[in-house]
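# Structural description and commentary
Letter by letter, the chains look like this.
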Amino acid sequence: MSTFPIESQKTAQIRFTLNGEKVDVSFAPYKTLLEVLREDLGHTGTKHGCELGECGACAVLLDGKPVLSCLVVALECSGREVLTVEGLSGDGRLHPLQDAFADLGAAQCGYCTPGILVTAKALLDANPHPNRDQIREALSGNLCRCTGYLQIFEAVEAAMVKIAEEGSGRSGVR
Amino acid sequence: MAEQKQEQKSSRPADAKPDREGLRVIGVPRRRVDGRAKVTGQTRFADDIFLPRMAHCKLLRSPHPHARIRKIDASRALAHSGVYLVLTGRDLPIQYGILPVSQDEQALCLDHVRHVGDPVAAVIAREELTAFEALDLIDVDYEILPTIADPEEALATPEPRIHEYGEEGNIHKQVSLEFGDVEQGFSEADEIFEDTFFYQGNTHLAIEQHATVAIKDPDGKLTVWSSTQTPHYLHRALAKVLEMPPAHIRVIATPNGGGFGGKSDPFNHEIVVAKAALLLDRPVKICLTREEVFYCHRGRHPVLMKFKTGVKKDGTITGVHLQTVIDGGAYGSYGVASTYYAGALQTTTYHIPRYRYQGCRTFTNKPPCGPKRGHGTPQPRFGQEVQLDKIAEKLRIDPAELRLRIVEAPNTVTANFLRLGTVNLTRCIQRVVEISDWKTKFRKLPEGRGVGLACSAYLTGAGLPIYWNKMPHSGVQLKFDRGGGVSIFCGATEIGQGSDDVLAGIVAEVLGIDPFDVRLFTGDTDLGPVDLGSYSSRVTLMAGNAAIQAAERGKALLAEAVALKLEVPKERLHFAARRVFDSTTPDKGVSFAEAICLAEARFGTIGTVGSYTPPKSPALYKGGGVGPSPTYSYSAAVIEVEVNPITGWVHIPRVWIAHDIGRALNPTLVRGQVEGSVYMGLGEALMEEQEFRRLPKRLSHSLVHKFPSMLEYKSPTSLDMPEVVTELVEDPDPRGPFGAKEVGQGPLLPIMPAVANAVYDAVGVRIDEVPITPEKVMKALAEKKAGREPRFGPHHFPHVKWPEALRVPPPWEGGDGNAVNDFHRDKPCTTKQKVLTP
């Protein structure tokens, strides 16, 4: 390990869009996006399960694409758009995915839920009517130990119908 | 209040049409009360707690599987900038452990490390990375000792002892129990079957790593937030090790990001940060890395087992003799209980008139095993159900038919004195046979495709507490607010299994209000009365019954006050849709909130309590403390497999499972528990292994975990999970709240044997070992091709010097639950004996 003591040298600073709002944050340069979100921006909705990009609990959307925030260096996010679970709901209403997950048993302990919700949102944004195999594929990087995944598939399918009905394809980001 | 309207819309409004028994909330698929928090990321897990001036702790863990600590020099670490404190074994010498009979752990090893990952020192620093860095500045002088890798080595190497207690040498616990004359049973049998099975260890792999935050609160008392399944037991362990009155310690169990039994011991890291917080008078947090979680373990015990079973031609069982050799790992944990559990539930599914169980748990230099979902019963269940498949084939009886003939009767007291409740196993088998088209598939599918059937039973909560006492196992306090809201205070701990939702659903049903009107304060040792914790599937039944009692008591007070107001006999009053009204003239009534005000005016402040203590167990012999339960759930599963004869790959397209639930309090959540159990069972059946290997001699030749990372430790993804057809058999059991029985663990048990039996049906090879990996299937297929026994599994069972068996005549031989040769005690024991286990 390095010889010189690592103080918390908050020398790095970036500005980026977090859940639709501009944020400025300073942090120790070595930090990952996950650490900055949780420790420097107080957004603890995004979780960690393995520190090695193996479990998917830290998934967030970076410019609309799911990434493992524990593998993203925060400095890389300057000027870009990040969406976390905190940004899914808007104007007092939950996103259809959140409603469906809560109603249909797709969240039991809830620890993997944030990563799965944003990943599912990216899926529906790209493909409003995925079949079950496509849902399985999209979520195969998000491990869950409680549900056995089936109620998660059903919740995504229910949300898909709801979004189509609403026609607005309401996305969380203003 | 737009938000609340929306909430109520999704959880069926309280004034909905009651179902056949007049229930509006119970039995209705509902959004779980903690659902909104979980889908918005607002649920506060332990690592989400950030406090001002919070310091970070990291543990220095032994790289050696077995060593003595000669000296620890932490001076360089202490001098490192940003380091506040370094703790070692001397600072926390008092031993603790979940079971009173095996208090063998220390927060930091004083002088003896027993597995790779055993903590020897703790660094507390301003930042986590600084603490992490300072670990390398601690110099530990280890004296390497020979390591023991598995039970056979442990049996053969009494010295050096991993622990100074236990039976002898490196044998931790031995059990030998005989219920009736088994040899007589074998002599009456037409056929005798002897089979050996091996069940490899595996781990819980909860996605949330263990995390704890401790503070000396403003009043100078200790508060600990921790991801724990058993705040009450952690509370007791902290009081013991820190030598503090429990009244000055508060444990708050944060919602577990998955527990599965992996967070039900008091842990080193919890005790260390508590001590550090007291010393530094500032908040201290620790969060384990994934690798550290593998070293915490407390997962599935690897078990080598030998079943000898005598049967008549018609399948009737005349006698069973089960022997198990159990790899306990480096510490006791729940191990004594696990050893008894490995022999306890065999008698709960099929009638076994004569039964001998011998179990032996040894220490090994590996992370300690403990309770994982099913706690000690999935392993022998695998052996029993696969052997039954072999018996059915030999006797030429359909496996389902064979089981239907020997299912145990309801309310029976079994040979080992477990009193059963409702037993709907027959119904489960019939239903699962029907919905899976079993009869058209079994031994009829083309080569490479097959179906397998297996059953199981599981307890609805351990009948005895972990430490001997006569107090209730669960308590609930209710506060009735003039605004019509009800607050529930209870120690029950939400680990994802839905205990909060059970409590809110039950209280709302009894009081005729909506679950959204209920507020929960659970898992906090200061706020709620004691609940022993989330283990052994006990919470729904025990906390649920306590909640019913508290709610009924409150209801009686409200009814009395309203009866006076309306001048109506209180027996005619009905509570529904947030109203209390005369059932003969429903318009005549008051709102629930008014009812509370009337009661307050009449009786003063309204607050009620309820509690639950399981019935006394008829099992009075030493060791009879493991297995009793208020009632038992039953499951039957059929699994279809496709086996690739070239690669040995086992693909599972579909699972059918019927579960005897008593009553589904919230069907959405019950189905989730069944599917979650099937998922975890498939992981164990096909891929999961807590595997170890020795490093090459030229390195340290030490025993290390093969792959302590989530990528190499294989667990099923969304691509692996088959479709599951779940059927809930509902026959309410009077012992459960609204008739409910357990569902969190039972449905896992039949999955592994059903997969093994299906593989045999598909390609005619027996894999008598878990996990059933492609490599083992290929080897068995090669044996088959070579004309040898088409099987992969253990061929040998070690010689074990079993103690003299404790003889307990079964009920049908006039037994009274005591042992006849009870050399452990001078007189037959009438009250419960000392060793109690979950």
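Everything numeric here is computed off the predicted structure, so don't read it as measured data. (Residues numbered from 1 in each chain as written. Chains lettered and ligands numbered in written order. Predicted model: local features only at pLDDT ≥ 70, side-chain atom pairs only at ≥ 80, totals over all residues.)

### Points about the overall build of chain A
- Along the backbone of chain A there are five helices and five strands.
- What you see in chain A, going N to C, is helices and strands ordered as β-β-α-β-β-β-α-α-α-α.
- In summary, chain A has a C-alpha radius of gyration of 17 Å against a globular reference of 16 Å for 174 residues, a match within 12%.
- Taken along its principal axes, the extent of the C-alpha atoms in chain A is 55 × 35 × 25 Å.
- Scored against the burial criterion, the 174 residues of chain A give a buried share of 54%. (Helix = DSSP H or I, 4+ residues; strand = E, 2+ residues; numbered from the N terminus. Rg over C-alpha atoms; globule rule 2.2 N^0.38 Å. Buried ≥ 20, exposed ≤ 12 C-beta atoms within 10 Å, placed from the backbone.)

### A closer look at the overall build of chain B
- Scanning chain B from terminus to terminus reveals 20 helices and 32 strands.
- For 838 residues, the compact-globule formula gives about 28 Å, and the C-alpha radius of gyration of chain B, at 27 Å, lands near that figure.
- If one aligns the C-alpha atoms of chain B with their principal axes, the spans along those axes are about 85 × 75 × 60 Å.
- Out of the 838 residues in chain B, the part that is buried amounts to 62%.
- Sequence separation of at least 24 residues holds for 79% of the intrachain contacts in chain B that already meet a minimum separation of 6. (Contact = placed C-beta atoms within 7 Å.)

### Remarks on the interface of chain A and chain B
- The interface is formed by 47 residues belonging to chain A together with 53 residues belonging to chain B.
- Broken down by secondary-structure element, the contributors of at least two residues to the side of chain A that touches chain B are helix H2 (96–103), helix H3 (113–126) and helix H5 (150–166) of chain A.
- At five residues, the largest contribution of residues to the side of chain A that touches chain B is made by H2 of chain A.
- Of the residues that constitute the side of chain A that touches chain B, the class distribution is 23 nonpolar, 15 polar and nine charged. (Nonpolar A, V, L, I, M, F, W, Y, C, P; charged D, E, K, R; others polar.)

### Thoughts on the nonpolar core
- Among the nonpolar cores identified, the biggest contains 299 residues, and Ile488, Val507, Val755 and Val759 of chain B are the most heavily contacted of them.
- Here this core gets 13 residues from one element, more than from any other, and that element is helix H16 (residues 539–566) of chain B. (Core = buried A, V, L, I, M, F, W, Y, C linked by C-beta atoms within 7 Å.)

### What to know about the sheet that holds strand S11 (residues 249–253) of chain B
Residue and element names in this part refer to chain B.
- Read across the open sheet, the seven strands follow the order S3-S5-S1-S12-S9-S10-S11; overall the sheet is mixed. Because the sheet does not close on itself, it has two edges, and the strands there are strand S3 (83–88) and S11. When the angles between neighbouring strand axes are averaged without regard to direction, this sheet yields 20 degrees.
- Bridge count for strand S9 (residues 211–216) against strand S12 (residues 284–287) is four bridges, and the pairing is antiparallel. What sits directly across from Thr212, in S12, is Ile286.
- Running at roughly 150 degrees to S11, helix H7 (residues 231–242) makes contact with strand S10 (222–226) and S11 of the sheet.
- Across the face of the sheet, helix H8 (residues 268–280) comes into contact with strand S1 (55–61), S3, strand S5 (119–125), S9, S10 and S12 while running at roughly 25 degrees to S9. (Pairing = 2+ DSSP bridges. Axes fitted to C-alpha atoms, helices over the stretch in contact; angles between N-to-C directions.)

### Observations regarding the pairing of strand S18 (residues 486–490) of chain B
All names here are of chain B.
- For S18, the tally of buried residues reaches four of five residues, placing the bulk of the element in the interior.
- Here five bridges tie strand S17 (residues 474–480) to S18, and the two strands are oriented antiparallel to one another. Of the residues in S18, the one forming a bridge with Phe480 is Val486.
- Where S18 lies against strand S19 (residues 518–522), five bridges are found, and the strand directions are parallel. From the neighbouring strand, Cys490 faces S19, where its bridge partner is Thr522.

### Regarding the environment of Glu128 of chain B
Residue and element names in this part refer to chain B.
- Position of Glu128 relative to the elements: it lies in helix H4 (residues 128–135).
- Taking the C-beta count within 10 Å as the criterion, Glu128 has 17 such neighbours and is therefore assigned partly exposed.
- The spatial distance from the C-alpha of Glu128 to the C-alpha of Lys565 is 63 Å, given a sequence separation of 437 residues.
- In this view, Glu128 contacts His56 and Lys58; residues no more than four positions away in its chain are not counted.

### What to know about the sheet that holds strand S7 (residues 171–179) of chain B
- In space, the seven strands of this open sheet follow the order S30-S8-S13-S14-S15-S7-S32 (chain B), with mixed pairing throughout. The strands lining the two open edges of the sheet, one partner per strand, are strand S30 (769–770) and strand S32 (806–807) of chain B.

### A look at the packing of helix H12 (residues 399–406) of chain B against helix H13 (residues 425–435) of chain B
Residue and element names in this part refer to chain B.
- Two elements in contact, H12 and H13, have axes separated by 10 Å at closest approach and are oriented at 165 degrees. One element, H12, and the other, H13, form an angle in the roughly antiparallel class. Like other packed secondary-structure pairs, H12 and H13 cross with a definite hand, here left-handed. Every residue of H13 that contacts H12 at Ala400, Arg403 and Leu404 is listed here: Thr426, Ile429 and Val433. (Parallel < 35°, antiparallel > 145°, perpendicular 65-115°, else oblique. Left-handed = near helix turned anticlockwise from the far one by under 90°.)

### Some remarks on the pairing of strand S1 (residues 12–18) of chain A
Residues and elements named next belong to chain A.
- As defined by bridge partners, S1 adjoins strand S2 (residues 21–27) across seven bridges and the pair is classed as antiparallel. The residue of S2 that forms the bridge with Gln13 is Ser26.
- Hairpin connection between S1 and S2: a loop of two residues separates the two successive antiparallel strands, and Asn19 in this loop has a positive phi of roughly 55 degrees.
- In terms of strand pairing, S1 meets strand S5 (residues 81–83) through two bridges, oriented parallel. Paired with Thr17 across the bridge in S5 is Glu81.

### Concerning the packing of H2 of chain A against H3 of chain A
Residue and element names in this part refer to chain A.
- One can describe the packing of H2 onto H3 by two numbers: an axis separation of 10 Å at closest approach and a directional angle of 135 degrees. The orientation of H2 with respect to H3, classified from their angle, is oblique. For the element pair H2 and H3, the recorded crossing hand is right-handed. Mapping the contact onto sequence places Leu97, Gln98 and Phe101 in H2 and Thr113, Leu117, Ala120 and Lys121 in H3.
- Within the contact of H2 with H3, the residues separate by chemical class into four nonpolar, two polar and one charged.

### With respect to the confidence of the model for chain B
Residues and elements named next belong to chain B.
- Within chain B, residue pLDDT values average 95, and 96% of them lie at 70 or more.
- Below pLDDT 50 for its whole length, residues 1–16 participates in 26 contacts with residues either more than four positions away or in separate chains.
- Low pLDDT, under 50, characterises residues 826–838; the stretch is placed with 32 contacts to residues that sit more than four places away or in other chains.
- Interface scoring of the predicted complex returns ipTM 0.95; its pTM is 0.95. (pLDDT = per-residue confidence, 0-100.)

### Structural notes on H4 of chain B
- Among the residues of H4 of chain B, Leu129, Thr130, Ala131, Glu133 and Ala134 of chain B are the ones counted as buried.
- The elements touched by buried residues of H4 of chain B are S1, helix H3 (75–79), S3 and S5 of chain B.

### Describing the environment of Leu527 of chain B
Residues and elements named next belong to chain B.
- Counting through the fold element by element, Leu527 comes out in the loop between S19 and H16.
- Put simply, Leu527 and Pro696 are 169 residues apart on the chain and 54 Å apart in space, counted from C-alpha to C-alpha.
- Aside from chain neighbours lying at most four places away, what touches Leu527 is Phe489 and Phe521.

### Focus: the confidence of the model for chain A
Residues and elements named next belong to chain A.
- Chain-level statistics for chain A give a pLDDT mean of 92 and a share of 90% at 70 or above.
- Low confidence marks residues 1–5, where pLDDT is under 50. Its contacts with residues over four positions away, or in another chain, come to six contacts.
- Segment residues 169–174 is flagged for pLDDT under 50; beyond a separation of four residues in sequence, or across chains, it makes 15 contacts in the model.

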